[in-house]
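Letter by letter, the chains look like this.
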Amino acid sequence: MVGRNVVCHVAAAALVVATMTVSAAVAQEHHRHARHARMGHGVSTLAVLGNEAVQKELALKPEQADKVKDLLSEVHAEWRQQMQAARESARGDENSSGENRSSRSGEMRSKFAEISKNVNEKFRAKVAEILDGTQQTRLREIAIQVAGTHAFQDADVARELGLTSQQQEQLAAVRHEFAEKFGELRNEGHQNGEAGRQNGEGFAKMRELRQDELAKSISVLTPEQQTKFATMKGKPFDLAGLHQAHHRHHGRGNRATSA
């Protein structure tokens, strides 16, 4: 049962790539398992490409938007296929292994990271076929902003910044430090109940923590690397719009479920 629960959590996290599609149910699943989806998967342009605010920023033409919708349907299907294979593999391991939950959870996070990389690589060329050079550049800038501190775990970002092994260890320490703080905040939210979530207090604290984590991570970089990273992010994009979009989907999903 433990192994199956871990696999289900990671499988649900995989749906982050399709959160910006027309399915409110998918968006709801992403919200429920957002903390798993943020575990070290670097920068994903596919995760934000379907969002209306992002498409507006990219000035997509109607025919491009149609192609993006079709592309994300392909991406979603690919995720389901690869995660189904991961589920079946994990079930087999569960029957033949006595590994503890922590070990199995770590394995599934690694597997999800591998699938995330594979899917993004597989569809990168198709994204390039739909978007022009300027749009691709801006999409990556937004994806880096959305990734936050997890952008530093992206192989391309790390290479472009020239991160040393010592810096990567320091960045990992920052992530670990704030992972504990995020955990404490989630526990506090559970204790406060639904009222605390509805008044936005928990979201504000979470946003503040993410800003603190990013600031501390950036302090690990040299001045030259900080300038380079600022250039890679481009002009600021209103990330609140992305959060509000999936919270609206989440709310609709909850109402539909209760009905």
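Look a little higher up for the structure.
Here the structure is a predicted model, which is why all the values come from computation and not from measurement.

About the cut-offs
- Residues numbered from 1 in each chain as written.
- Predicted model: local features only at pLDDT ≥ 70, side-chain atom pairs only at ≥ 80, totals over all residues.
- Heavy atoms only, no water.
- Salt bridge = Lys/Arg side-chain N within 4 Å of Asp/Glu carboxyl O.
- Helix = DSSP H or I, 4+ residues; strand = E, 2+ residues; numbered from the N terminus.
- Buried < 20%, exposed > 50% of the residue type's maximum accessible area, 1.4 Å probe, protein only.
- Arc of directions from axis to C-beta.
- Axes fitted to C-alpha atoms, helices over the stretch in contact; angles between N-to-C directions.
- Contact = heavy atoms within 4.5 Å.
- Nonpolar A, V, L, I, M, F, W, Y, C, P; charged D, E, K, R; others polar.
- Core = buried A, V, L, I, M, F, W, Y, C linked by side-chain atoms within 4.5 Å.

Asks: Can you help me understand the pattern of salt bridges in this one?
Replies: Where charged atoms from two side chains of opposite charge approach closely, those side chains can pair. Under the definition given, this model contains eleven salt bridges. Where Lys235 meets Glu57, a salt bridge forms, and the shortest distance between an N and an O atom there is 3.6 Å. You can see Lys235 sitting in the loop between α12 (223-233) and α13 (239-258) and its partner Glu57 sitting in helix α4 (residues 52-58), a full 178 residues away along the chain. Given a relative accessible area of 54%, Lys235 falls into the exposed group. Glu57 sits in the partly exposed class, given a relative accessible area of 29%. Measuring nitrogen to oxygen at the nearest pair gives 2.6 Å for the salt bridge that ties Asp156 to Arg159. One end of the pair is Asp156 and the other is Arg159, both in helix α8 (residues 155-161) and three residues apart, which spans about a single turn. Judged by relative accessible area, which is 57%, Arg159 ranks as exposed. Among the charged side chains, a salt-bridge network with shared partners connects Glu57, Arg138, Glu141 and Lys235.

Asks: I keep staring at α12 and nothing clicks. Help me out?
Replies: Three or four residues apart is the spacing at which side chains of an α-helix point the same way, because the helix has 3.6 residues per turn. The complete set of buried residues in α12 reads Gln225, Phe229 and Met232. What you see down the axis of α12 is that its buried residues fit within an arc of 55°, all on one side. Opposite the buried face of α12, by more than 90 degrees, sit the exposed residues Pro223, Glu224, Thr227 and Thr231. Where α12 ends, the next residue or the one after it, Gly234, has phi of about 70°, a positive value.

Asks: Where do I start with the packing of helix α7 (residues 133-147) against α12 in this structure?
Replies: Put simply, α7 and α12 touch, their axes get as near as 7 Å, and they point 120° apart. Contacts from Arg138, Arg140, Glu141, Ile144 and Gln145 in α7 reach Phe229, Thr231, Met232 and Lys233 in α12. Per-class residue counts for the contact of α7 with α12 are three nonpolar, two polar and four charged.

Asks: When you look at the nonpolar core in this model, what are you seeing that I'm missing?
Replies: As a rule of thumb, nonpolar side chains are buried together in soluble globular proteins. By size, the foremost hydrophobic cluster in this structure holds 39 residues, and its most contacted members are Leu46, Leu49, Val54, Leu71, Leu131 and Leu139. For this core, the secondary-structure elements that each account for two or more residues are α4, α5 (62-96), α6 (101-130), α7, α8 and α12. For this core, the element with the most residues is α5, which contributes seven residues. Setting aside anything within four residues of it in sequence, one finds Leu71 in contact with Leu46, Leu49, Phe123, Lys126, Val127 and Ile130. Residues Phe178, Leu185, Met206 and Leu209 belong to the second largest nonpolar core, which totals six residues.

None of the figures reported here should be taken as evidence of function without further support.
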